[in-house]
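Analysis of the macromolecular model
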Amino acid sequence: MEQQKKKRTGFSTAKPAQFVDEALFTTADCITRYPEPVLTYKDVPYRSALTFNAGVLKLNGKYIMIFRNDVGDFEKQQLDYETNLGLAFSDDGIKWNVRPQPCFEIDDEEIMRVYDPRITYIDGEYCVCFAVDTRHGVCGGMAVTKDLKNFEIKSISVPENRNMVLFPEKINGKYVRLERPMPVYSRDGTHFDMWLSDSPDLVYWGNSKLVLATEDVPFCNDKIGPGAPPVKTDKGWLTIFHSVDIDPSRGKNGWEAAWRKRYVIGIALLDLDDPSKVIGMSKRPLIVPEGYYETEFGYRANALFPCGMLLEDDGTVKIYYSAGDAVVRLATAKVDDLIALCNEPRK
Ligand code: BMA
């Protein structure tokens, strides 16, 4: 019998937009939300409208947050189109004390801003990964700092890349990061997937591999991206990611004339020795937008964006995520329940 050849209609194998099933969009039972946002512009002692997409770390019993601060006036719904990174400390991971000045900002002839920080502590220093808007595209950048004041940029990728997160330890002798390139030519300008690269020195990155594709995420019809630096467990690297679906019928949903996307949080487990291998993934979102702050409030409603996750000694996982591109929220769950979700997808 003659073998049927698949017709090549393009590179993309991703699902078209209509395929998301609304019944999938519930928050997992194991999740508990802290009722109020843990950071808003009101906590910031300098000009601020939107405080969000915050990397969080716990070191020697203290919590450290680096957050994106979009400058403007929240009440007037005005943005100055200026972004800096703010620094905050906390004793309990809930009440944050923001330092008097932003800790990092770049605005020069080529780089317009850095944003969406994630923090990892490795080799006795902090490594902050961030997105970099340049006049020639969006890049992923990494900088190291010992004092959270003086930052040394280690690498900036070629465009288009974003959402880099660095694993908290070397794996097989290499630094490893998750990242989310944005291929405009081969994936219909959408359907962006999660990739991984490694490096001997945080400068040169290679051995890039696809980790998770949008078509493997049943609640995604647009793009996914790594969330927080993965947390090591004896069952694998616990990894959160954001996942986006677009509905062209959505209209005004925040400050902009229209906002047609919904960002939810997904969870997966990656192999301890080879984290390019997904060994488990919840087939439903971990957290979907619910309640006032997540569905009605802020610059862009229905946008949950996780950048921080940490494991406490008692087995509680703290997940820091933004709502409405406006405030930082905190959800908790037991690590065993999160692992179980990755292994036994909810019906
Ligand atoms: C992404 C990034 C994030 C933002 C999110 C939701 O593409 O720009 O900074 O939080 O969209 O608007």
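Below: a short report on this structure. (Residues numbered from 1 in each chain as written. Predicted model: local features only at pLDDT ≥ 70, side-chain atom pairs only at ≥ 80, totals over all residues. Heavy atoms only, no water.)

Description of the overall build of the protein
Counting its regular elements, the protein contains 2 helices and 21 strands. Here the C-alpha radius of gyration of the protein, 19 Å, is about what a compact globule of 347 residues would show, namely 20 Å. If one aligns the C-alpha atoms of the protein with their principal axes, the spans along those axes are about 75 × 50 × 45 Å. Out of the 347 residues belonging to the protein, those deemed buried represent 58%. In the protein, the proportion of contacts linking residues at least 24 apart, taken out of those at least 6 apart, comes to 56%. Here the protein displays about 15,700 Å² of accessible surface, and carbon together with sulfur accounts for 49% of that area. Within the protein, the 51 negative side-chain charges are centred at a point lying 3 Å from the centre of the 44 positive side-chain charges. (Helix = DSSP H or I, 4+ residues; strand = E, 2+ residues; numbered from the N terminus. Rg over C-alpha atoms; globule rule 2.2 N^0.38 Å. Buried < 20%, exposed > 50% of the residue type's maximum accessible area, 1.4 Å probe, protein only. Contact = heavy atoms within 4.5 Å. Areas by Shrake-Rupley, 256 points an atom, 1.4 Å probe, with all protein chains shown as cover. Lys, Arg positive; Asp, Glu negative; His and termini not counted. Charge placed at Lys NZ, Arg CZ, Asp CG, Glu CD.)

Things to note about the side chain of Thr-134
Positionally, Thr-134 belongs in strand β7 (residues 125-134). From its side chain, Thr-134 meets the backbone oxygen of Gly-137 in a polar contact 2.7 Å long. Among all residues touching Thr-134, those that are not within four sequence positions of it are Glu-110, Ile-111, Met-112 and Cys-139. (Polar contact = N/O pair within 3.5 Å; in protein donor to acceptor, adjacent residues only side chain to side chain.)

Things to note about the site of the ligand
Within the structure, the ligand sits among Phe-52, Asn-53, Arg-68, Asp-116, Arg-162, Lys-223, Trp-259, Tyr-263, Arg-300, Phe-305 and Asp-325. A distance of 2.9 Å separates an oxygen atom of the ligand from a polar side-chain atom of Arg-162. Out of a free accessible area of 300 Å², the ligand has 90% covered by protein chains. Looking at the shell around the ligand residue by residue, the classes come out as 4 nonpolar, 1 polar and 6 charged. (Near = heavy atom within 4 Å. Nonpolar A, V, L, I, M, F, W, Y, C, P; charged D, E, K, R; others polar.)

Quick look at the sheet that holds strand β2 (residues 50-59)
Spatially, β2-β3-β4-β5 is the arrangement adopted by the 4 strands of the open sheet, whose pairing is antiparallel. The two strands at the open ends of the sheet, each matched to only one other strand, are β2 and β5 (97-98). (Pairing = 2+ DSSP bridges.)

Here's the deal with the pairing of strand β12 (residues 194-199)
By the criterion of burial, β12 is predominantly enclosed, with 5 of the 6 residues buried. In this structure, strand β11 (residues 175-181) lies alongside β12, joined through 5 bridges in antiparallel fashion. For Leu-178, the partnering residue across the bridge sits in β12 and is Leu-196. Of the pairings in the sheet, the one linking β12 to strand β13 (residues 206-212) comprises 4 bridges and is antiparallel in character. Looking at β13, one finds that Asp-198 is bridged to Gly-206. Between β12 and β13, which pair antiparallel one after the other, the connecting turn spans 6 residues, and Leu-202 there sits at a positive phi close to 70°.

Focus: the nonpolar core
Counting residues in hydrophobic clusters, the biggest one holds 36 residues, and the most contacted among them are Ile-31, Leu-50, Leu-238, Leu-286 and Leu-338. Of all the secondary-structure elements, those providing two or more residues to this core are β2, β16 (236-246), β17 (261-270), β19 (304-311), β20 (316-323), β21 (327-334) and α2 (335-343). The element that contributes the greatest number of residues to this core is α2, accounting for 5 residues. Not counting residues up to four positions away in its chain, the partners in contact with Leu-286 are Thr-27, Ala-28, Ile-31, Ile-240, Ile-265, Gly-266, Ile-267, Ile-319, Leu-338 and Leu-341. (Core = buried A, V, L, I, M, F, W, Y, C linked by side-chain atoms within 4.5 Å.)

Digging into a nonpolar patch on the surface
On the surface, a nonpolar cluster with roughly 420 Å² of combined accessible area is contributed by Phe-11, Val-184 and Tyr-185. Examined against the element boundaries, Tyr-185 turns out to sit in the loop between β11 and β12. (Patch = residues over 30% accessible without salt bridge, like charges linked within 9 Å, V, L, I, M, F, W, Y side chains within 5 Å. Salt bridge = Lys/Arg side-chain N within 4 Å of Asp/Glu carboxyl O.)

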